[in-house]
Amino acid sequence: MSSASRFLTPHAQSLPPTVPFVGPENLERAQGHRFKARLGANESGFGPSPAAIAAMQQAASENWMYADPESYVLREAIAAFHGVGIDNVVIGEGIDGLLGVTTALTVSPGDVVVTSDGAYPTFNFHVAAHAGRLVKVPYRDDKEDLGRLIDTARREKAKILYVANPDNPMGSWWGADAISEVIAALPAETLFLLDEAYGDTAPAGTLPPLDVENPQVLRYRTFSKAYGLAGARIGYCIGNAALISAFEKMRNHYGINRIGQIAALAALNDQAYLAEAVGRIAAARDRISAIASENGLVALSSATNFVAIDCGRDVEFARSLLKEVLARDVFIRMPGVAPLNRCIRVSTGVDEHLDLFAEALAGALKTVG
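The structure displayed is predicted, hence computed values, not measured ones.

Asker: I tried to follow unusual backbone geometry on my own but got confused; where do I start?
Answerer: Here N165 and P166 are connected by a cis peptide whose omega angle stands at -5°. Within the secondary structure, P166 sits in the loop between strand 5 (160-164) and helix 8 (176-184). A cis amide bond, omega 0°, links A338 with the succeeding residue P339. Examined against the element boundaries, P339 turns out to sit in the loop between strand 11 (330-331) and strand 12 (343-347). Phi at D329 takes a positive value of approximately 65°, unusual for a residue other than glycine. Position of D329 among the secondary structure elements: in the loop between helix 12 (315-327) and strand 11.

Take a look at the structure:
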């Protein structure tokens with residue numbers, strides 16, 4: 001043990017030195033130049049609302065001030081938008097930050113947390129940090145297996161059940177009725193975390209109605225995806241007022257950046273732009289699917305701002321293909337767990353970046369055979 005390590009708790013010392021994602025900036029530093037196209041982080045290449053940009057520009061000179069620690073105006077607007085009370089809404093540093101607070105509030109060492117094997121890894125990162133015991137359920141037909149997830153939560157007497165709908169990393173989704181059945185079947189001791197980061201890009205009928213009277217459900221939304229404000233780090237959680245009030249005990253009250261807070265409010269108030277962006281995302285999904293087909297690959301149906309492409313072979317082939325696309329200065333990613341890792345994953349973006357991806361994919365396939 002190093003002299004510095006002695007200051008860490010035994011649990012902290014036992015954690016592996018990993019992060020959920022390797023950022024494109026890390027890869028760019030290693031290669032010594034920037035990517036020509038950034039299509040791997042599930043960001044919106046179409047950018048935020050012009051109203052949000054103008055609001056950020058106007059707010060820049062006032063950034064010497066802290067953000068309102070209660071995010072009152074933004075919470076009030078979100079509550080009105082969703083038809084819930086302001087006490088049903090908490091703001092956080094993206095959904096990631098809110099999941100961190102949630103696990104800090106609810107997970108004690110040894111508590112069972114049920115999730116899908118290969119689902120959003122940042123959630124697992126938070127569970128590990130609080131010494132929870134992850135129980136993972138395999139995907140079925142490239143979708144989260146809702147029936148087996150609820151059966152596993154019941155068998156394990158799980159403290160937490162986590163589901164993302166639509167899903168990351170496959171882009172698959174369940175309809176609202178299926179999610180409502182999960183909620184109705186929850187064991188009494190289980191809290192359901194429903195991550196709806198991609199809810200804005202999902203088809204109608206994907207998101208069940210909000211029910212803030214239910215104390216077993218927390219719903220997570222974000223301005224990072226369709227709203228195009230990933231760098232602002234503004235997410236929110238909707239739930240029962242008693243649960244939401246508990247976030248005040250743990251959250252970083254001054255962790256929200258003021259410009260992001262202002263931008264989110266402007267973006268929320270520009271639903272016309274959001275509809276335009278969602279349309280452009282859908283068109284880009286179609287373009288990615290066409291590129292895959294042109295190269296003999298199969299794109300999976302997606303309700304998100306990315307598309308998973310089935311490479312048709314094993315993980316080694318998918319990994320080689322990913323490496324060759326990256327070598328052609330196009331940043332994409334791939335799922336990390338079998339059998340999902342037979343795929344590569346491409347974020348939607350502007351036409352010129354998709355052109356670069358099409359060229360890179362064709363060249364990469366020729367190289368890897």
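Asker: Looking at this model, I keep getting lost on the nonpolar core. Mind explaining?
Answerer: A general trend in soluble globular proteins is that nonpolar side chains are found buried together. Of all hydrophobic cores here, the largest spans 58 residues; its most connected members are F223, I309, L321, I332, F357 and L361. Counting residues per element, this core draws most heavily on helix 11 (residues 271-294), which supplies eight residues. When sequence neighbours within four positions are dropped, the list of residues in contact with L321 reads L297, C311, I344, L361, A364, L365 and V368. In this structure, I95, V107, V113 and Y120 belong to the second largest nonpolar core, which totals 23 residues.

Asker: Teacher, can you tell me more about the pairing of strand 12 here?
Answerer: Note on strand geometry: in a regular strand, side chains alternate between the two faces of the sheet. Burial analysis of strand 12 places five of its five residues in the buried class, the great majority of the element. With burial as the criterion, each face of strand 12 is covered, one bearing C343, R345 and S347 and the other bearing I344 and V346. Two elements, strand 10 (residues 306-310) and strand 12, share five bridges in a ladder whose sense is antiparallel. Bridge pairing links F306 to S347 in strand 12.

Asker: When you look at the sheet that holds strand 2 (residues 89-92) in this model, what are you seeing that I'm missing?
Answerer: Hydrogen bonds between backbone atoms are what pair the strands of a sheet, whose relative direction is either parallel or antiparallel. Reading across the sheet, the seven strands line up as 2-8-7-6-5-3-4 and stay open at both edges, with mixed pairing between neighbours. Strands at the two margins of the open sheet, each flanked by one partner only, are strand 2 and strand 4 (133-137). In this sheet, neighbouring strand axes are inclined to one another by 20° on average, regardless of whether the strands run parallel or antiparallel. Relative to strand 5, strand 3 (residues 112-116) runs parallel, the two sharing two bridges. Each residue of the ladder has a partner; that of V113, found in strand 5, is I160. The sheet contacts of helix 5 (residues 94-106) involve strand 2, strand 5, strand 6 (191-195), strand 7 (217-222) and strand 8 (235-239), and relative to strand 7 the element is tilted by about 155°.

Asker: I'm lost on the pairing of strand 4 in this one. Help?
Answerer: Where strand 3 meets strand 4, five bridges bridge the pair, whose relative direction is parallel. Looking at strand 4, one finds that V114 is bridged to V135. As a crossover connection, the stretch from strand 3 through helix 6 (residues 121-129) into strand 4 is right-handed.

Asker: Can you walk me through the packing of aromatic side chains in this structure?
Answerer: For any pair of aromatic rings, geometry is given as the distance between the ring centres together with the angle between the planes. Evaluation of the coordinates by the stated rule reveals seven aromatic pairs. Ring centres 5.5 Å apart and planes at 35° place the aromatic pair F35 and F331 in the tilted group. Taken together, the residues span a long stretch of sequence, with F35 in the loop between helix 2 (24-31) and strand 1 (37-38) and F331 in strand 11 at a distance of 296 residues. Each of the two residues, F35 as well as F331, counts as buried. Plain terms: the ring middles of Y198 and F306 are 5.4 Å apart, the flat faces sit at 80° to each other, and that makes the pair edge-to-face. Taken together, the residues Y198 in the loop between strand 6 and strand 7 and F306 in strand 10 connect sequence positions 108 residues apart. The same class applies to Y198 and to F306, which are both buried.

Asker: Mind showing me how you'd approach helix 10 (residues 258-268) here?
Answerer: The α-helix winds at 3.6 residues per turn, so residues separated by three or four positions along the chain end up facing the same way. Within helix 10, nine of the eleven residues are buried, which leaves it mostly tucked inside the rest of the structure. For helix 10, the set of buried residues is R258, I259, G260, Q261, A263, A264, A266, A267 and L268. On its buried side, helix 10 packs onto helix 3 (50-59), helix 4 (72-82) and helix 11. At the N-terminal boundary of helix 10, the capping side chain belongs to N257, with an oxygen 3.1 Å from the backbone nitrogen of I259.

Asker: Help me understand the packing of helix 3 against helix 10, please; the structure alone is not making it clear to me.
Answerer: When two helices pack together, their arrangement is captured by the angle between the axes and the distance separating the axes. Viewed as axis vectors pointing N to C, helix 3 and helix 10 meet at an angle of 150°, and their least axial separation amounts to 8 Å. Comparing their axes, helix 10 and helix 3 come out roughly antiparallel. Crossing of helix 3 over helix 10 shows right-handed handedness. Contact residues: helix 3 offers A51, A52, A55, M56 and A59, while helix 10 offers R258, I259, I262, A263, A266 and A267.

About the cut-offs
Residues numbered from 1 in each chain as written. Predicted model: local features only at pLDDT ≥ 70, side-chain atom pairs only at ≥ 80, totals over all residues. Heavy atoms only, no water. Helix = DSSP H or I, 4+ residues; strand = E, 2+ residues; numbered from the N terminus. Core = buried A, V, L, I, M, F, W, Y, C linked by side-chain atoms within 4.5 Å. Buried < 20%, exposed > 50% of the residue type's maximum accessible area, 1.4 Å probe, protein only. Contact = heavy atoms within 4.5 Å. Pairing = 2+ DSSP bridges. Axes fitted to C-alpha atoms, helices over the stretch in contact; angles between N-to-C directions. Right-handed = clockwise from strand over helix to strand, strands pointing away. Phe/Tyr/Trp six-rings, centres within 6.5 Å; stacked < 30°, edge-to-face > 60°. Polar contact = N/O pair within 3.5 Å; in protein donor to acceptor, adjacent residues only side chain to side chain. Parallel < 35°, antiparallel > 145°, perpendicular 65-115°, else oblique. Left-handed = near helix turned anticlockwise from the far one by under 90°.

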